[in-house]
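One-letter residues, chain by chain:
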Amino acid sequence: MFSSVEYEGQLYMTPQNFIESVTMDEPKSRRHWRSLSKQELEQILSDTPPVWKGTSTLFRNLRDRGIIAYTEYLFLLCILTKPHAGFKIAFNMFDADGNQMVDKREFLVLQEIFRKKNEKGRKGDAEKSAQLNMQLYGYQFAPVTSVLKSDIQEFAPRSYWDILRQSTSQALFSDLAERSDENIMIDTTLLVHFFGKKGRAELNFDDFYRFMDNLQTEVLEIEFLTYSKGMTTISEEDFARILLRYTNVENTSSYLDNVRERIADEKGITFDEFRSFFQFLNNLEDFAIAMQMYNFANRSVGQDEFKRAVYVATGLKLSPHLVNTVFKIFDVDRDDQLSHKEFIGIMKDRLHRGSRGYKTVQRYTTFKSCMKKELSSR
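- Going by what an unreviewed UniProt entry lists, the protein is known as MICU3 protein and is assigned to Polypterus senegalus.

The following block contains the structure:
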């Protein structure tokens, strides 16, 4: 839906396309795929900076001068919802030989896994293959190495790392690494950024961590700046809009009304507060466990308990104003307590920001609502 570049019959995203895909509901305009020549691609890749020069403006600086493959898109999506504590686990999943460095061949093993599974799915029974994909990969579609013009699909990815944990082993990594043919792979912006123009550089953990942290920061900065309009803060109401943007909440107006009516003295949300909250959301599963312990003890969750649960589960200290704002947004029954349904259920939707699965539900719900109004008026 967001890709705009074609090379040798395969579709790719530009860095700008990727940013749009995770910050916008749909592309700015109807896509007309631009075909790249070999010379154009080589020129684009020659301008790609090395990973040690990476910043939190990398994607914005590159804009349309870069290409991102389908499996890389899944990798980048996962980074956005990966807690910092999980960066080391992610790195170790790539580091098949355990030498604390990731080379190009190890990175390409992930794409080989997708390709091998896709080949088996095409040869076998379609229904059994779909069930196996769900069990092993946690995806609602058959994984492919690249996206063809004639084969665009909507999908709802879960955890990219679950693929590796559940369906690969050290032996499988070694086997695939020996058999993967790098000659059939087209160099992309990410491959050149990580492994150099000749593909011989290796990626260490510090550079890997910095890349993941920079990407998370860049996307958050773009969202924040969209609403701050040059100011150092965004309003509490805009903060609520951002939180509810990628969820299945039908009536967002009631949540926005909560903010308007219950926060009389508007202080605004700073970027540091904004960023800390989304770092917390990336640890939502651990926080949910802490919340369940309060439920088991029949204890209500007020603001003090909420702050303590966040700190215990994530090590993050959210500001009192930020916590108060969250309560004012999600405490629908206004009892100054926060339930699992009122917060965690909605925020889990928010973590699937790139899947686009919510759009069909929203449109169908809106259609049903319009139909009911039309019928009742007759």
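**Brief notes about the nonpolar core**
Right, on to step 1. In this structure, Phe277, Phe280, Phe306, Phe330 and Phe343 are the most contacted members of the largest nonpolar core, which totals 42 residues.
Right, on to step 2. For this core, the secondary structure elements donating two or more residues are α11 (205-228), α12 (236-244), α13 (252-262), α14 (271-281), α15 (284-296), α16 (303-314), α17 (320-330) and α18 (344-350).
Right, on to step 3. If sequence neighbours within four positions are ignored, Phe277 has contacts with Phe239, Leu243, Leu318, Leu322, Val326, Phe343 and Met347.
Right, on to step 4. Within the second largest apolar cluster, 37 residues are counted, among which are Met13, Phe75, Val102 and Val219.

**Details of the packing of α11 against α14**
Right, on to step 1. It is at 11 Å that the axes of α11 and α14 come closest, and there the two elements cross at 125 degrees. Relative to α14, the element α11 is oriented oblique. Note that α11 runs across α14; the crossing there is right-handed. The segment α11 lies against α14, with Asp213, Thr217, Leu220, Glu221, Glu223 and Phe224 engaging Phe271, Phe274, Arg275 and Phe278.
Right, on to step 2. Within the contact of α11 with α14, the residues separate by chemical class into 5 nonpolar, 1 polar and 4 charged.

**Here's the deal with helix α1 (residues 15-23)**
Right, on to step 1. Summarising burial for α1: 9 of the 9 residues are buried, a large majority.
Right, on to step 2. Taken together, the buried positions of α1 are Pro15, Gln16, Asn17, Phe18, Ile19, Glu20, Ser21, Val22 and Thr23.
Right, on to step 3. Among the structural elements, β2 (10-12), α3 (58-62), α4 (70-80) and α11 are those in contact with the buried residues of α1.

**Examining unusual backbone geometry**
Right, on to step 1. Here the phi dihedral of Gln100 falls at roughly 65 degrees; this positive angle occurs in a residue that is not glycine.
Right, on to step 2. Within the element layout of this structure, Gln100 appears in the loop between α5 (87-94) and β4 (101-102).
Right, on to step 3. One non-glycine residue, Lys229, lies in positive phi territory at about 50 degrees.
Right, on to step 4. In this structure, Lys229 sits in the loop between α11 and β7 (233-234).
Right, on to step 5. According to the relative accessible area criterion, Lys229 is exposed, its value standing at 67%.

**Points about the side chain of Thr217**
Right, on to step 1. Summarising the element assignment, Thr217 is placed in helix α11.
Right, on to step 2. Within the structure, the side chain of Thr217 is placed 2.7 Å from the side chain of Arg275, a separation counted as a polar contact.
Right, on to step 3. When neighbours within four sequence positions are excluded, Thr217 is seen to be in contact with Ser56, Phe271 and Arg275.

**Things to note about the side chain of Asp213**
Right, on to step 1. By secondary structure assignment, the location of Asp213 is in helix α11.
Right, on to step 2. The buried category is assigned to Asp213, whose relative accessible area is 17%.
Right, on to step 3. Polar side-chain contacts of Asp213 include one of 2.7 Å to the side chain of Arg275.
Right, on to step 4. Those residues in contact with Asp213 that sit more than four places away from it in its chain are His84, Phe87 and Arg275.

**Considerations on the environment of Asp207**
Right, on to step 1. In this structure, Asp207 sits in helix α11.
Right, on to step 2. Between the C-alpha atom of Asp207 and that of Gly54, which follows or precedes it by 153 residues, the distance is 8.5 Å.
Right, on to step 3. Setting aside residues up to four positions removed in sequence, Asp207 forms contacts with Val51 and Trp52.

**So, α12**
Helical geometry: 3.6 residues make up each α-helical turn, so side chains three or four residues apart lie on a common side.
Right, on to step 1. Among the 9 residues in α12, 8 count as buried, and that is most of the element.
Right, on to step 2. When we look at burial in α12, the residues that qualify are Glu236, Glu237, Asp238, Phe239, Ala240, Ile242, Leu243 and Leu244.

**Notes on the packing of aromatic side chains**
Right, on to step 1. Applying the stated criterion across every chain, the model contains 24 aromatic pairs.
Right, on to step 2. Residues Phe107 and Phe194 carry aromatic rings whose centres are separated by 5.6 Å and whose planes lie at 80 degrees to one another, so their mutual orientation is edge-to-face. Placement of the pair is Phe107 in helix α6 (residues 104-123) and Phe194 in helix α10 (residues 189-195), with a sequence separation of 87 residues. With respect to class, Phe107 is no different from Phe194; both count as buried.
Right, on to step 3. Between the aromatic rings of Phe224 and Phe271, the centroid separation amounts to 5.4 Å while the plane-to-plane angle is 75 degrees, which identifies the pairing as edge-to-face. Note that Phe224 is positioned in helix α11 and Phe271 in helix α14, a separation of 47 residues in sequence.
Right, on to step 4. Residue classification places Phe224 among the buried positions, given a relative accessible area of 4%.
Right, on to step 5. Within the aromatic cluster, the residues linked to one another by ring pairs are Phe224, Phe239, Phe271, Phe274, Phe277, Phe278, Phe280, Phe287, Phe306 and Phe327.
Right, on to step 6. Taking the ring centre of Phe205 as reference, the NZ or CZ of Lys88 above it sits at 4.4 Å.
Right, on to step 7. Its guanidinium or amino end placed over the ring of Tyr311, Lys317 lies 5.4 Å from that ring's centre, counting from NZ or CZ.

Rules of the game
- Residues numbered from 1 in each chain as written.
- Predicted model: local features only at pLDDT ≥ 70, side-chain atom pairs only at ≥ 80, totals over all residues.
- Heavy atoms only, no water.
- Core = buried A, V, L, I, M, F, W, Y, C linked by side-chain atoms within 4.5 Å.
- Buried < 20%, exposed > 50% of the residue type's maximum accessible area, 1.4 Å probe, protein only.
- Helix = DSSP H or I, 4+ residues; strand = E, 2+ residues; numbered from the N terminus.
- Contact = heavy atoms within 4.5 Å.
- Axes fitted to C-alpha atoms, helices over the stretch in contact; angles between N-to-C directions.
- Parallel < 35°, antiparallel > 145°, perpendicular 65-115°, else oblique.
- Left-handed = near helix turned anticlockwise from the far one by under 90°.
- Nonpolar A, V, L, I, M, F, W, Y, C, P; charged D, E, K, R; others polar.
- Polar contact = N/O pair within 3.5 Å; in protein donor to acceptor, adjacent residues only side chain to side chain.
- Phe/Tyr/Trp six-rings, centres within 6.5 Å; stacked < 30°, edge-to-face > 60°.
- Lys NZ or Arg CZ within 6 Å of the ring centre and 35° of its normal.

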